[in-house]
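Observations on the three-dimensional arrangement
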Amino acid sequence: MSEPERTDRSADAGEARADSDARTAGDDETAPQFGRKWRLLLLGMLGFVAVTTVLQFQVEGTSALPEIVVSLYVVAVVAYGVVADAMQTRRFRIALYAGAVAWGAVRLVEGDTSLVTYALLGIGAFLLTRELTFAD
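Report follows, based on the coordinates. Predicted model, so just to flag it, every value in this text is computed and none were measured.

Quick word on the packing of helix α4 (residues 90-109) against helix α5 (residues 115-133)
The interhelical angle for the contact between α4 and α5, taken along N-to-C directions, is 150°, at an axis separation of 8 Å. In terms of axis orientation, α4 runs roughly antiparallel to α5. Judged by the twist between their axes, the crossing of α4 over α5 is left-handed. For the pair α4 and α5, the contacting residues are Arg90, Arg93, Ile94, Tyr97, Ala98, Ala100, Val101, Trp103, Gly104, Ala105, Arg107 and Leu108 in the first and Val116, Thr117, Tyr118, Leu120, Leu121, Gly124, Ala125, Leu127, Leu128, Arg130, Glu131 and Leu132 in the second. Tallied by class, residues from the contact of α4 with α5 come to 16 nonpolar, 3 polar and 5 charged.

Here's what the structure looks like:
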């Protein structure tokens, strides 16, 4: 018996599945997800956040320190994920979800009771709990 002829769609699906399996297996031979342009754009955004946090500190003083620390933490986690091409790792997800919970907590302590604050707290806590509870 002969094998059924593969169509372009099934060949593309097989290749996409193999690429996906290689990424999830953590092969070092896969190409980075983000190129040099994206990394330079990220560096520009990091600079922008650094400048705005300095300005925020000058305007609000030490009362802005918790928000500044959490903002820099979240930006640093995202930068790590992009530069190290680690956005698909469990460590990155845990760090990002912890940052979302911390961001929501800081907003709540400052008196912001908006839907965004509760979403950061609730969804972040749910995702963090899920990530810490269930193994891949």
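What about the packing of helix α2 (residues 36-60) against helix α3 (residues 65-83)?
The interhelical angle for the contact between α2 and α3, taken along N-to-C directions, is 175°, at an axis separation of 10 Å. Taken together, the axes of α2 and α3 are roughly antiparallel relative to one another. On α3, the residues that touch Arg39, Leu42, Leu46, Val49, Thr53, Gln56 and Phe57 of α2 are Leu65, Glu67, Ile68, Leu72, Val75, Ala79, Val82 and Val83. By residue class, the composition of the contact of α2 with α3 is 11 nonpolar, 2 polar and 2 charged.

Concerning the side chain of Glu131
Mapped onto the elements, Glu131 comes out in helix α5. Taking relative accessible area as the criterion, Glu131 reaches 4% and is therefore assigned buried. Within the structure, Glu131 has its side chain in polar contact with the side chain of Arg93 (distance 3.0 Å).

Re a nonpolar patch on the surface
A surface patch of nonpolar side chains, about 340 Å² in accessible area, is lined by Trp38, Leu41 and Met45. Note that Met45 resides in helix α2.

Some words on the pattern of salt bridges
Oppositely charged side chains may form a pair once their charged atoms are brought near each other. Applying the stated rule across the entire model yields 4 salt bridges. Linking Arg107 and Asp112 is a salt bridge whose minimum nitrogen-to-oxygen distance equals 2.6 Å. Between Glu131 and Arg130 there is a salt bridge, and its shortest N-O distance comes to 3.9 Å. Within this structure, Arg90, Arg93, Arg130 and Glu131 form a network of salt bridges that share partners.

Calculation rules
- Residues numbered from 1 in each chain as written.
- Predicted model: local features only at pLDDT ≥ 70, side-chain atom pairs only at ≥ 80, totals over all residues.
- Heavy atoms only, no water.
- Axes fitted to C-alpha atoms, helices over the stretch in contact; angles between N-to-C directions.
- Helix = DSSP H or I, 4+ residues; strand = E, 2+ residues; numbered from the N terminus.
- Parallel < 35°, antiparallel > 145°, perpendicular 65-115°, else oblique.
- Left-handed = near helix turned anticlockwise from the far one by under 90°.
- Contact = heavy atoms within 4.5 Å.
- Nonpolar A, V, L, I, M, F, W, Y, C, P; charged D, E, K, R; others polar.
- Buried < 20%, exposed > 50% of the residue type's maximum accessible area, 1.4 Å probe, protein only.
- Polar contact = N/O pair within 3.5 Å; in protein donor to acceptor, adjacent residues only side chain to side chain.
- Patch = residues over 30% accessible without salt bridge, like charges linked within 9 Å, V, L, I, M, F, W, Y side chains within 5 Å.
- Areas by Shrake-Rupley, 256 points an atom, 1.4 Å probe, with all protein chains shown as cover.
- Salt bridge = Lys/Arg side-chain N within 4 Å of Asp/Glu carboxyl O.

Everything listed is a geometric property; what it means functionally is a separate question.
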